[in-house]
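Residues per chain, in single letters:
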Amino acid sequence: MSTDHQTQSKASLTESGYRYQWQLFLVALAFFTRIPIPTSTPFSTERLNHANRYFGVIGLIVGAICSLIYLLFILLFPPTIAIGIAMISGLLITGAFHEDGLADVFDGFGGGWTVESKLNIMKDSRLGTYGASALVMALGLKWIALVSLADINLYFPVYAFIVIHCISRVAAASIIFSYPYVRADQDSKVKPLANQQSLLDIGILLTTAILVLSILPLSLALSCLITTLFVRQSCGYWFNHQLGGYTGDCLGATQQLAEIAGYLTLLTFANHYHF
């Protein structure tokens, strides 16, 4: 009887654990995309704090959706149009969440002289010249890189969407583990993410990136990993120098810059090697 009770208890704990992980995933999905989740999903700052472990999975989902849309529309249009539609779909799915962070960072760092003025500019909902320029250049570079990949092989953008959307979000989320959160206002959406993270959080996050990179040839996977790490470290140094830490906008900027660098890495490799 005692053994049966222990077995039932373990099963109950396992079920509860799986349910909790699923709820964390749903919280991450709701936070970073416009994809609806069940209204019964419990939410708390603690759950959001640990939901960062699934940011790479969210990137994988966004990348997969973009890939499917691209594959559908190349049946109807040239790759240049299909890639544009896939990119627009990605913006709609995420609500341009990361692009907004990129624009805010460039507006703040370009127009502010002190940490306080930079943070105030980054909080401003209006788009400035620096932010607009960064957005145009970022979207343009991504489109050109993906179109160039399609010129080499029609299906290379599929790899690009899936792999790079994932690892660029892992790079952004990993900033949380290494730098202090500097914005003290209560309005920031990302503030709950700035709490103490666990080893399990970073373990799941990094495992997601490793598993996704494994679909690429080893040399290409290592190239993408090194490039992403370089962007991540460079962004961390940049944010720390400018602000003494990071904000939610900094995470979005990191994702965008890592995404661009990832596409360019794939393009460089595709121009010289076959995969």
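Computed from a prediction, not measured in an experiment: that's the story for all the values here.

Here is what the cut-offs are and how they apply
Residues numbered from 1 in each chain as written. Predicted model: local features only at pLDDT ≥ 70, side-chain atom pairs only at ≥ 80, totals over all residues. Heavy atoms only, no water. Phe/Tyr/Trp six-rings, centres within 6.5 Å; stacked < 30°, edge-to-face > 60°. Buried < 20%, exposed > 50% of the residue type's maximum accessible area, 1.4 Å probe, protein only. pLDDT = per-residue confidence, 0-100. Helix = DSSP H or I, 4+ residues; strand = E, 2+ residues; numbered from the N terminus. Contact = heavy atoms within 4.5 Å. Axes fitted to C-alpha atoms, helices over the stretch in contact; angles between N-to-C directions. Parallel < 35°, antiparallel > 145°, perpendicular 65-115°, else oblique. Left-handed = near helix turned anticlockwise from the far one by under 90°. Nonpolar A, V, L, I, M, F, W, Y, C, P; charged D, E, K, R; others polar.

Asker: Quick question: what am I supposed to make of the packing of aromatic side chains here?
Answerer: Each pair of aromatic rings is reported with the distance of its centres and the angle of its planes. In total, this model carries 13 aromatic pairs according to the counting rule given. Plain terms: the ring middles of Phe31 and Phe32 are 4.8 Å apart, the flat faces sit at 75° to each other, and that makes the pair edge-to-face. For Phe31, a relative accessible area of 18% puts it in the buried group. Feature note: the residues Phe31, Phe32, Phe55 and Phe97 constitute an aromatic cluster, connected by ring pairs.

Asker: Any chance you could explain the confidence of the model for the protein here in plain terms?
Answerer: Interpreting fine coordinate detail is not advised for predicted regions of low pLDDT. With 88% of its residues at a pLDDT of 70 or more, the protein has an overall mean of 88. Taken element by element, the predicted model of the protein shows its lowest mean pLDDT in helix α1 (residues 2-32) (67) and its highest in helix α4 (residues 79-94) (97). Long-range and interchain partners of residues 1-16, a stretch whose pLDDT sits below 50, account for zero contacts in this model, where long-range means more than four residues apart.

Asker: Quick question: what am I supposed to make of the packing of helix α7 (residues 129-152) against helix α11 (residues 248-272) here?
Answerer: Helix packing geometry: the angle between the two helix axes and the distance between the axes. For the pair α7 and α11, the least separation of the axes is 9 Å and the interaxial angle reads 25°. In terms of orientation, α7 and α11 fall into the roughly parallel class. α7 and α11 meet at a crossing whose hand is left-handed. Every residue of α11 that contacts α7 at Ala138, Leu141, Lys142, Ala145, Leu146, Ser148, Leu149 and Ile152 is listed here: Gln256, Glu259, Ile260, Tyr263, Leu264, Leu266, Leu267, Ala270 and Asn271. Class assignment of the residues belonging to the contact of α7 with α11 gives a composition of twelve nonpolar, three polar and two charged.

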